[in-house]
Amino acid sequence: MTAARAHIAAMAAYQLADLTPPEGRKLISLCQNESLRPPSPLALEAAAEAMAASMLYPDPDWMALREAIGELHHLPPDRILCGNGSLELIGALARAYAGPDRAVLAPVHAYPFFRTAAQLAEARFDTAAEQDLTVDVSNLLASVRPDTGIVFVANPGNPTGTRIARSELNRLRNGLRDDILLVIDEAYGEFDDLPGETSFDLLTAGNTVVLRTFSKAYGMAGFRVGWGLFPQSASAEIRKVLNPNNISLVAQAAAAAAIRDQDYMKETCRLVEKIRTQATRDLRGAGFRVPDSFTNFVLIDLENETRARQADQALRRQGIFLRGQAGAGLPHMLRMTIGPEADVGVSVSELIKWKGEQR
Ligand SMILES: *Cc1c(COP(=O)(O)O)cnc(C)c1O
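What counts as what
- Residues numbered from 1 in each chain as written.
- Predicted model: local features only at pLDDT ≥ 70, side-chain atom pairs only at ≥ 80, totals over all residues.
- Heavy atoms only, no water.
- Helix = DSSP H or I, 4+ residues; strand = E, 2+ residues; numbered from the N terminus.
- Rg over C-alpha atoms; globule rule 2.2 N^0.38 Å.
- Buried < 20%, exposed > 50% of the residue type's maximum accessible area, 1.4 Å probe, protein only.
- Contact = heavy atoms within 4.5 Å.
- Areas by Shrake-Rupley, 256 points an atom, 1.4 Å probe, with all protein chains shown as cover.
- Lys, Arg positive; Asp, Glu negative; His and termini not counted.
- Charge placed at Lys NZ, Arg CZ, Asp CG, Glu CD.
- 1 Å grid on protein atoms, 1.4 Å probe; cavity = no way out; pocket = protein on both sides within 12 Å on 5 of 7 lines; lining within 4 Å.
- Points joined across faces, edges and corners; volume = space filled by probe spheres on them.
- Nonpolar A, V, L, I, M, F, W, Y, C, P; charged D, E, K, R; others polar.
- Pairing = 2+ DSSP bridges.
- Axes fitted to C-alpha atoms, helices over the stretch in contact; angles between N-to-C directions.

*Asks:* Quick one: what's the story with the overall build of the chain, residue by residue and with numbers?
*Replies:* On a plain count of helices and strands, the chain comes out with 12 helices and 12 strands. Here the chain has a C-alpha radius of gyration of 20 Å; the compact-globule value for 359 residues is 21 Å, and the two agree. Taking the principal axes of its C-alpha atoms as reference, the chain extends roughly 60 × 55 × 50 Å. Going through the 359 residues of the chain one by one, you find that 53% of them count as buried. Looking at the chain alone, contacts between residues at least 24 apart form 74% of all its contacts between residues at least 6 apart. For the chain, the accessible area works out to roughly 16,100 Å², and carbon and sulfur atoms hold 52% of it. With 38 positive and 43 negative side-chain charges, the chain shows a separation of 4 Å between the mean positions of the two kinds.

*Asks:* Can you break down the environment of Leu283 residue by residue, with the values?
*Replies:* Relative to the elements of secondary structure, Leu283 occurs in helix H10 (residues 262-285). Spatially, the C-alpha atoms of Leu283 and Arg260 are 36 Å apart, while their sequence positions differ by 23 residues. Leaving out residues up to four positions away in the same chain, Leu283 has contacts with Phe288, Val290, Val298, Ile300, Val348 and Leu351.

*Asks:* Can you break down empty space enclosed by the protein residue by residue, with the values?
*Replies:* For the structure shown, the criterion picks out one cavity of 30 Å³ or more. Taken as a whole, the largest cavity encloses approximately 60 Å³ of empty space. In this structure, the largest cavity is lined by Pro107, His109, Ala110, Glu130, Val135, Val153, Ala154, Gly157, Asn158 and Thr160. For the lining of the largest cavity, a count of residues per class yields five nonpolar, four polar and one charged.

*Asks:* A description of the sheet that holds strand S2 (residues 80-83) should follow, citing residues and the corresponding values.
*Replies:* What the seven strands build is an open sheet, ordered S2-S8-S7-S6-S5-S3-S4; its pairing is mixed. Single-partner strands in this sheet number two, and they are S2 and strand S4 (125-128). The sheet shows a mean angle of 25° between the axes of neighbouring strands, direction not considered. Bridge count between strand S5 (residues 148-154) and strand S6 (residues 181-185): five bridges; the pairing is parallel. Its bridge partner lying in S6, Val153 is registered against Ile184. In this fold helix H7 (residues 166-175) packs onto S5, S6 and strand S7 (208-213), with an angle of close to 160° to the strand it touches most, S6.

Here it is as structure tokens:
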């Protein structure tokens, strides 16, 4: 019999959402932070057009896409790398910069895929305590060890939804040794973009990577396109690790077109903010603790693990799927994606109803 290598065999399967509604119920999926509306019509048009050229391999250098991204964010295209979703870039970073002799460090409630990427690279995964569900830079710096190779943070965080102040990010970079790669995952950055504030200039340090994706604010999770700004040296190394034809021709065309429709993306962010504000207000009004979120989801405190499981099951019986957060060290919390207004409304009222029945 063949056996997988020990570090693979020891890993748990990545927890994807289970999405089978009870018989006869419509599925309301608020568990994967998918967008509440389809991609820009311009993106869909470009995808349909590109389809006819699909006998060709995609551009391995993503030239049109990199130029579109570079133009929008005022970045040099040759420092941009694109991935099959930002997950591919996270995996490649771990493989290139972590390993048995180089550990990965992240905040304790960080995005669970950081741990998966470390495990695949056979690297130790260290965590640093957070403060009020927010990344604590002092704790991160105190948790650095001589063999730390990468520090991963998501900003805003998933599943916390909270953000790291710009000055704190600077303090993190300045406090880390030069040889440690800092990876800032901004999967939700578009929801939180403040005029004149960007993490991209941290790159002048030469050892920081900033990642973004088309999966969230652009509503293109199914296309699988992520990108990042890399220091020159890292970009050459990561290029070796990526699949040379990693993003389909159709997805590249769609993403480049989506970048050129900023109005549509910003409108999505405004819509999400409106629904999120209402949901947060209603949930808090009913006595739930809900941290301020800067993303397309909210995190809801159910006080303990049993209650979180019971509430989750009660909603599932109605066909409503939220996401338990045991994997991020928050077993007493549920994460709710800000989906279409009606779905979020039903889900919030069902939660409030469930709470009322508990006394
Ligand atoms: C959704 C998400 C990703 C994954 O994005 P893809 O581009 O779809 O691979 C990465 N990081 C965080 C924090 C996310 O929430």
